[in-house]
Amino acid sequence: MNTSQTSPFEALVELDARISKYAFELPEKQTQVESWSGLGFTLNNQQFALQVGEVTAILPVPSTTPLPGVQPWAKGISNVRGRLLPIIDLGEFLGQARDSGKSANRIMIVEQGEVSVGLIVDEVQGMVHFSTSHFNDAVPDYLFDEVKPFTVGHYQQEKDYMVFNTQRLVNDPRFLKAAIA
């Protein structure tokens, strides 16, 4: 390019043409996918997920003080961060005999209105994310019957994750009446 014979404007146009020849094209506009985030956990070899905001803490199972005259699934109370919380073995409450002494067992502290409780589960996987297009509101047949009233559907990915509803759990009359009559 000979700058003595071309104007500055022509030089810029020529430079723009050479740059455009090697420039990347603008990316296509991507559509935003609606997603649902939950906390994945295992109970009796089945995968579940809770809405993220329903769990306030995940801890190793603490030592508990047994309470007389309560159902076997009510493991007692425990001082968790300065608060006395009832500790419930969720698997036992749902009628599933299991080994609750595994090192992978965790409690998920759930708060629903006035009810705060620690739920013992087999294992917590952590955050799980799903596209809402993968949600199916049908409860699969292979799910054990006692848990069906507390599920609102499932997300299908590599594994099916049942969506567990803690609001339904804490409003269940049997759950609220842990005392043996």
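Above this text sits the structure in question.
Asker: I'd love a proper account of the pattern of salt bridges, names of residues and values included.
Answerer: Overall, the coordinates contain three salt bridges when judged by the stated rule. With a closest N to O distance of 2.8 Å, Glu111 and Arg83 form a salt bridge. One end of the pair, Glu111, is in strand β6 (residues 106-112); the other, Arg83, is in strand β5 (residues 83-89), and 28 residues separate them in sequence. Given a relative accessible area of 33%, Glu111 falls into the partly exposed group.

Asker: Tell me about the sheet that holds strand β1 (residues 35-43), and name the residues and values.
Answerer: Pairing is mixed across the open sheet formed by six strands, whose spatial order is β8-β1-β2-β11-β10-β9. In this open sheet, the two strands that pair with only one neighbour each are β8 (123-131) and β9 (135-136). Two strands pair when backbone bridges link them, and strand β2 (residues 46-51) and strand β11 (residues 160-164) are joined in this way by two bridges, in the parallel orientation. Each bridged residue has a counterpart across the sheet, and for Phe48 the counterpart in β11 is Met162.

Conventions we followed
- Residues numbered from 1 in each chain as written.
- Predicted model: local features only at pLDDT ≥ 70, side-chain atom pairs only at ≥ 80, totals over all residues.
- Heavy atoms only, no water.
- Salt bridge = Lys/Arg side-chain N within 4 Å of Asp/Glu carboxyl O.
- Helix = DSSP H or I, 4+ residues; strand = E, 2+ residues; numbered from the N terminus.
- Buried < 20%, exposed > 50% of the residue type's maximum accessible area, 1.4 Å probe, protein only.
- Pairing = 2+ DSSP bridges.

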